[in-house]
Amino acid sequence: MSRTGDPGRPAPEPLRFAYGTNGLTDLRLSDALALLADLGYDGVSLTLDHMHLDPLAPDLAARTRRVARDLERLGLGVAIETGARYVLDARRKHHPTLLDPDPEARGARVDLLLRAVRVAGDLGAPAVHCFSGVLPPGEPAETAWRRLADALGPVVVAAAAVGVSLAIEPEPGHLLADLAGFHRLRTALGDPAALGLTLDIGHCQCLEPDPPAECVRAAAPWVRHVQIEDMRRGVHEHLPFGEGEIDFPPVLEALLAAGYRGLVGVELPRHSHAGPELARASLRFLKDAERAASEGGVRC
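In this text, all values refer to a predicted model and were calculated from it rather than measured experimentally. (Residues numbered from 1 in each chain as written. Predicted model: local features only at pLDDT ≥ 70, side-chain atom pairs only at ≥ 80, totals over all residues. Heavy atoms only, no water.)

Trainee: Run through the UniProt feature "domain: Xylose isomerase-like TIM barrel" (unreviewed entry) in the chain, naming residues and quoting values.
Mentor: The residues that UniProt annotates with the feature "domain: Xylose isomerase-like TIM barrel" (unreviewed entry) are residues 33–288. What you have in residues 33–288 is 44% helix and 16% strand, and the ends, taken at the C-alpha atoms, are 23 Å apart. (UniProt positions renumbered as here; feature names shortened; annotations may be inferred. Helix = DSSP H or I, 4+ residues; strand = E, 2+ residues; numbered from the N terminus.)

Trainee: Break down the nonpolar core for me, citing the residues and quoting the values.
Mentor: Core analysis: the largest hydrophobic core is formed by 82 residues, its most contacted members being Tyr 19, Ile 80, Leu 148, Leu 152, Leu 185, Ile 201 and Ile 228. When residues in this core are grouped by element, the largest group, nine residues, is from helix H4 (residues 141–161). Non-local contacts of Ile 201, meaning those with residues more than four positions away in its chain, are made with Pro 212, Val 216, Val 226, Gln 227, Ile 228, Glu 229, Ile 246, Phe 248 and Val 251. (Core = buried A, V, L, I, M, F, W, Y, C linked by side-chain atoms within 4.5 Å. Buried < 20%, exposed > 50% of the residue type's maximum accessible area, 1.4 Å probe, protein only. Contact = heavy atoms within 4.5 Å.)

Trainee: Mind laying out the layout of surface pockets, listing which residues take part and the relevant values?
Mentor: Estimated volume of the largest pocket: approximately 700 Å³. Lining of the largest pocket is provided by 31 residues; of these, Gly 83, Arg 85, Lys 93, His 94 and Pro 269 occupy positions nearest its centre. If one sorts the elements of the lining of the largest pocket by residue count, strand E9 (residues 235–239) sits on top with three residues. For the lining of the largest pocket, a count of residues per class yields six nonpolar, 16 polar and nine charged. (1 Å grid on protein atoms, 1.4 Å probe; cavity = no way out; pocket = protein on both sides within 12 Å on 5 of 7 lines; lining within 4 Å. Points joined across faces, edges and corners; volume = space filled by probe spheres on them. Nonpolar A, V, L, I, M, F, W, Y, C, P; charged D, E, K, R; others polar.)

So, in structure tokens, the structure goes:
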């Protein structure tokens, strides 16, 4: 019998699990990739940052080629993430943003995203993750929304040119904080095919009105990248699996039913000190949850 319970339908392909390098910052990138391959991960969510693949390095192209060889040798897929805290500003976390009132500062963030798109194309990554940034003090929201659309327009065009999706993430506390915000931006840009969604399952638990599994079903047509971790309602804190409130088998069941074939990347950016062990435990948890999903979705 198929996983869906219909003997006439084939079982969906298993999900492809990854781990974020922002949770392995104490490891060299080559060591992190080897660890994930040894543990049995299908891929890596690669944050462009100075300690791994520095997007501002003058020899970025050569470094990217070395990473491409490592990924191919290890059999790992990849998604590109751009959430490095201090990659552009050594003193202000996640600055400058796409909403910065200073055009030159905004341009630095746009340039980072364009670099990320080129890296994604060179690595064969299907998606580049990004986010909007926090509304600057004193700025009208309407102005910020226009600024966001204007900034992302050329990035979407560049992504389309190399066959990559720009997958923006609704981030608690940011201008684009939820799924409604994603649809607002999508509409403002004319619904381009190259604009997709990074769906963070913990963020769904944190602030969306619907449960995470319902968020997956509602957002499925636009999801190009998935981040996953545990979380509690109303508290934006990324937690190891089992320490929050999320019922994971229904979430994974919804992803399977949607036919999602991108990476499902564990995101624990504040737990790098325990990265290798958490990577091991996280994959075991997710595999157990996936099995539970196929058997009826008991809580894991």
